[in-house]
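# Structural description and commentary
As a plain string of letters, each chain reads:
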Amino acid sequence: MPSTGPTVERDAAGEWHVRGFEAARTVLRSADTKQAGFNAELIARIPNMMNQPILYQDGKVHQQQRKQTARFFTPKAVSDNYRAVMERLADQLVKKLLRQKQVDLSQLSITLAVRVAAQVVGLTNSYPGLPQRLEAFFSGNLTNLRLSPRTILNLLTNQVRTLAFFTFDVLPAIRARRRKPQSDVISHLLAQNYSNAEILTECITYAAAGMVTTREFISVAAWHLLERPELRARYLVASEEERYTMLHEILRLEPVVTRLYRRTTAAIELDNAGVPVVIPAGDKVILEIDASNADESIVGDLPLAVCPGREIKGDRVPEMVMSFGDGVHRCPGAYIAIQETDIFLRRLLALDSLHIVSKPSIRWNTLTTGYELRNFEIAVR
Ligand code: HEM
């Protein structure tokens, strides 16, 4: 359930919570903010980082980087370059289910999400086990920074996992691309003279932003469609456009990233239900995406129900509302995520006897600030 409360509110700690869609969009589109989520303020303090990962860049440098990498993410590029890979992987995963009769969907979804994003990034020279290495990496608690024996142990374990990811995945990819550049993010970063450490950090950023998120969305979308036979039946006969609308509506209701964070660099004025509010420079702003996505002035009645094709009001508001963010940091991987989910779910849901054996366990992921679905057993007869 999204949190409720005023459109804009300052809490006891002095942090601002923005829940209304228009106010959230104003913040995300403002030039007077800096990224403050995904540990950005810690990353900014790492010494010898000439080039920050894209998610943490601001201003001209960020604009330039988005412009230069946009060619990997356009709908045409996604369809031309990655559709065949997505189809091949989806076929393999469905075959695995048919062979084993019962599988954990969260294991299929991580394999798909990791392999697809790996193509875009250029992590294609790995030793076996990339999905497992990333899963172990992101299962470590990266956000608790209070010094305690447990935190120290976590940090050491994470260092070992980071080293494994670098040695078995990132370094082989860098070496291959130094010999022969390709059309992917790592080749682009090498052309920009990024160091190995900077490329590693960018790969971790893409893994968190692209792989972890898409994995969860695939599972949650399958769950909705399996629990609503009429939606599943409609999905299987619908056109691609209508299927995407259905997926967008599920993503609106189930944003994988429920909180975005910014720090203001100048005062920003917001409309708090007709009353102007000024957020001063230097304050932290927490954008509550789940609440903005359920803003009735934008999505109409029954904001917490799945109603594909619902009328969305407002100026060019996308069907998934804020689930891919807004403004300069808006997710470049949106088409990739939706296309790969659709390619996989069409094949999966078409299996007549497919059913849920046990619903997934739901945990909170502190890095993405969203749900984590695990042990989602599905089967065919
Ligand atoms: C359902 C899946 C996905 C969801 C829900 C999602 C969500 C988001 C959101 C909300 C942001 C904005 C962060 C902010 O403003 O602070 C973002 C940024 C980003 N996403 Fe995604 N994402 C998904 C899939 C992907 C994929 C497949 C890729 C790449 C292969 C990707 C790459 C990125 C990158 C690189 C950024 C940073 C962009 C920037 O800072 O300019 N995402 N994503």
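Details of the structure are given in the entry above.
The present account deals with the structure reproduced in this document. Being a predicted model, the structure only gives us computed values, none of them experimental. (Residues numbered from 1 in each chain as written. Predicted model: local features only at pLDDT ≥ 70, side-chain atom pairs only at ≥ 80, totals over all residues. Heavy atoms only, no water.)

## Here's the deal with the sheet that holds strand β5 (residues 259–264)
If you walk across this open sheet you meet the 5 strands as β1-β2-β8-β5-β3, and the pairing is mixed. Here the strands that pair on one side only, and so sit at the sheet edges, are β1 (8–10) and β3 (33–35). For this sheet, the mean inter-axis angle between neighbouring strands, taken without regard to orientation, is 30°. In the sheet, β5 pairs with strand β8 (residues 284–288) via 5 bridges, with the strands oriented antiparallel. Within the sheet, the bridge partner assigned to Tyr261 lies in β8 and is Ile286. Sheet strands touched by helix α1 (residues 21–29): β1, β2 (16–18), β3, β5 and β8. Its angle to β8, the strand with the most contacts, is close to 130°. (Pairing = 2+ DSSP bridges. Helix = DSSP H or I, 4+ residues; strand = E, 2+ residues; numbered from the N terminus. Axes fitted to C-alpha atoms, helices over the stretch in contact; angles between N-to-C directions. Contact = heavy atoms within 4.5 Å.)

## Let's talk about the coordination of the iron atom of the ligand
Of the protein atoms, Cys331 (SG) alone serves as a donor to the iron atom of the ligand, at 2.3 Å. By the element assignment, Cys331 lies in the loop between α13 (296–299) and α14 (334–349). (Donors = N, O, S within 2.8 Å, 3.2 Å for Na, K, Ca; no water.)

## What to know about the site of the ligand
Taken together, 25 residues form the shell around the ligand, and within it His62, Arg66, Arg262, His329 and Cys331 come nearest. In the model, an oxygen atom of the ligand is placed 2.9 Å from a nitrogen or oxygen of the Gln35 side chain. One of the side-chain nitrogen or oxygen atoms of Arg66 is found 2.7 Å away from an oxygen atom of the ligand. Only α3 (59–69), α9 (196–227), β5 and α14 provide two or more residues apiece to the shell around the ligand. Looking at the shell around the ligand, the element that brings in the most residues is α9, giving 6 residues. Residue classes in the shell around the ligand are distributed as 14 nonpolar, 9 polar and 2 charged. (Near = heavy atom within 4 Å. Polar contact = N/O pair within 3.5 Å; in protein donor to acceptor, adjacent residues only side chain to side chain. Nonpolar A, V, L, I, M, F, W, Y, C, P; charged D, E, K, R; others polar.)

## Digging into the pattern of salt bridges
Evaluated as defined, the whole model comprises 22 salt bridges. A salt bridge links Asp91 to Arg347; the shortest N-O distance between them is 2.7 Å. One end of the pair, Asp91, is in helix α4 (residues 75–100); the other, Arg347, is in helix α14, with 256 residues separating them in the sequence. One salt bridge connects Arg363 with Glu372, and the closest N-O pair in it is separated by 2.6 Å. Owing to a relative accessible area of 47%, Arg363 belongs among the partly exposed residues under this scheme. By sharing partners, the salt bridges in this structure join Glu135, Arg215, Glu216, Arg363, Glu372 and Arg374 into a single network. (Salt bridge = Lys/Arg side-chain N within 4 Å of Asp/Glu carboxyl O. Buried < 20%, exposed > 50% of the residue type's maximum accessible area, 1.4 Å probe, protein only.)

## A closer look at the side chain of Arg374
Relative to the elements of secondary structure, Arg374 occurs in strand β11 (residues 370–374). A polar contact of 2.8 Å, which involves the side chain of Arg374, links it to the side chain of Glu216. If we skip the residues at most four places from it in the chain, Arg374 touches Ser106, Glu135, Arg215, Glu216, Pro360, Ser361 and Arg363.

## Observations regarding the packing of aromatic side chains
The full count for this structure, using the stated rule, is 5 aromatic pairs. What links up through ring pairs into an aromatic cluster is the set Phe72, Phe73 and Tyr206. (Phe/Tyr/Trp six-rings, centres within 6.5 Å; stacked < 30°, edge-to-face > 60°.)

## Brief notes about the sheet that holds strand β12 (residues 377–379)
Ordered in space as β4-β12-β9, the 3 strands form an open sheet in which the pairing is antiparallel. The open sheet terminates on both sides in strands that have one partner only, identified here as β4 (102–104) and β9 (355–358). Along the sheet, successive strands turn relative to each other by an average axial angle of 35°, direction set aside. Sheet topology note: the β4/β12 ladder contains 3 bridges and is antiparallel. Residue Gln102 lies in a different strand from β12, and its bridge partner there is Ala379.

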